[in-house]
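If you want the building blocks of each chain, they are given just below.
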Amino acid sequence: MMVPMPTASAPSGLIVCLDDVTLDDLIGAVEVMVQEGLRTFSLPARHEEVDDIVAIFGARATFGVHGPVSAADVEWLRPWAAFILADVADEDLVHAAADAQVPVWVQAMTPGEVRSALSAGVAGAMLYPADVVGHVMAERLRTLGLAEHVIPRGGIGAFSATEWLKAGAPAACVDSTLLGDALRGGDLGMLRDRCGSFVKVNNDAADRAAKA
């Protein structure tokens, strides 16, 4: 049965998908990205220190979760999660998230799977892994009227993210192309340098939205 999703705003621009690493490894890298202007992050749903990261950065950044999420998790997520990028979304999760006003995107790969996800009442589809189909899929989904319901994730660089956002995707997830080895003891100065091209993607998307 279709469940109307809440009217909470969809994430926009770039979502940085963080790895399941220790709190100490996350703090420095997230601080650099926040300083540089990247302020929307997705945390592994099962990360043991999610609450600590949100407590530290919640005033300056927006957080959601990705991975396996169950209906039982929603009460814990309700106070701070802006979105859920779910591997699967069963009916119980969809109902619980709707009640909590937390929008859910569920994994899909093809236009048919995107339509199937939308028919289940979720906010949209998380196209994963996006690097398998490439950014050419963005234009295909645009012509089908589906791009605005899709958030791509997996192996996306700055150029690919731009193409997805230009096609109408509300947001695009970035991970290793931005993070490199920064979450595993890598050079944070190099992370800061990499942020530049991704911040430009966000700024360009905001400019397009303002002109629309």
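Every residue gets a number counted from 1 within its own chain, in the order that chain's sequence is written. For this predicted model, a pLDDT threshold of at least 70 governs which residues receive local features, and a threshold of 80 or more governs which side-chain atom pairs are given and counted, while totals over whole chains, interfaces and linings are taken from all residues. Think of the side-chain values as coming from all heavy atoms in the structure, minus any hydrogens and water.

- Looking at an unreviewed UniProt entry, the protein chain carries the name Aldolase, with the source organism given as Tessaracoccus antarcticus.
- UniProt annotates the protein chain under Pathway (unreviewed entry) with the comment "Carbohydrate acid metabolism."
- UniProt positions are given in the numbering used here, feature names are shortened, and annotations may be inferred rather than shown by experiment. Taken from UniProt, the Subunit (unreviewed entry) comment for the protein chain reads in full: "Homotrimer."

1. Remarks on the nonpolar core
For step 1, the next point in the chain: Only buried residues count toward a nonpolar core, which is a set of Ala, Val, Leu, Ile, Met, Phe, Trp, Tyr and Cys residues joined through side-chain atoms within 4.5 Å. In this scheme, a residue with accessible area under 20% of its type's maximum is buried, one over 50% is exposed, and one in between is partly exposed, where area comes from a 1.4 Å probe on protein chains only. Within the largest apolar cluster, 69 residues are counted, with the highest numbers of intra-cluster contacts made by Leu-18 and Met-33.
For step 2, the next point in the chain: The biggest single contributor to this core is helix α1 (residues 23-36), with seven residues.
For step 3, the next point in the chain: Not counting the four nearest positions on each side in its chain, Met-33 is found in contact with Val-16, Leu-18, Leu-38, Phe-41, Leu-178, Leu-179, Leu-191 and Cys-195. Numbering goes from the N terminus for both helices and strands, where a helix is a DSSP run of H or I of at least four residues and a strand is a run of E of at least two. Every residue pair with non-hydrogen atoms within 4.5 Å of one another is taken to be in contact.

2. Topic: the pattern of salt bridges
For step 1, the next point in the chain: Salt bridges are identified by distance alone: a Lys or Arg side-chain nitrogen within 4 Å of an Asp or Glu carboxyl oxygen. Applying the stated criterion to the full structure yields eight salt bridges.
For step 2, the next point in the chain: With a shortest N-O distance of 2.8 Å, Asp-19 and Arg-184 are connected by a salt bridge. Here Asp-19 is found in the loop between β1 (13-17) and α1, whereas its partner Arg-184 is found in the loop between α9 (176-179) and α10 (188-211), with 165 residues between them in sequence.
For step 3, the next point in the chain: Residue classification places Asp-19 among the partly exposed positions, given a relative accessible area of 26%.
For step 4, the next point in the chain: Linking Lys-200 and Asp-204 is a salt bridge whose minimum nitrogen-to-oxygen distance equals 2.8 Å. Of the two residues, Lys-200 and Asp-204 both sit in helix α10, four residues apart, roughly one turn of that helix.

3. Regarding the packing of aromatic side chains
For step 1, the next point in the chain: Only Phe, Tyr and Trp rings are paired, with Trp represented by its six-membered ring, and only when their centres lie within 6.5 Å; those with planes under 30 degrees apart are stacked, over 60 edge-to-face, the remainder tilted. According to the stated counting rule, one finds two aromatic pairs in the structure shown.
For step 2, the next point in the chain: Here the aromatic rings of Phe-41 and Phe-63 are separated by 5.7 Å at their centres, their planes lie at 25 degrees, and the arrangement is stacked. You can see Phe-41 sitting in strand β2 (residues 40-44) and its partner Phe-63 sitting in strand β3 (residues 62-67), a full 22 residues away along the chain. When sorted by exposure, Phe-41 lands in the same class as Phe-63, which is buried.
For step 3, the next point in the chain: Note on Trp-76 and Trp-80: the rings are 5.9 Å apart at their centroids and 75 degrees apart in plane angle, and the pair reads as edge-to-face.
For step 4, the next point in the chain: Residue Trp-80 is classed as buried on the basis of its relative accessible area, which comes to 17%.
For step 5, the next point in the chain: Counted as over-ring charges are cases with an Arg CZ or a Lys NZ within 6 Å of the ring centre that also lie within 35 degrees of the ring normal. Of note, Arg-153 hangs over the ring of Tyr-128, and the distance from its end group to the ring centre comes to 4.4 Å.

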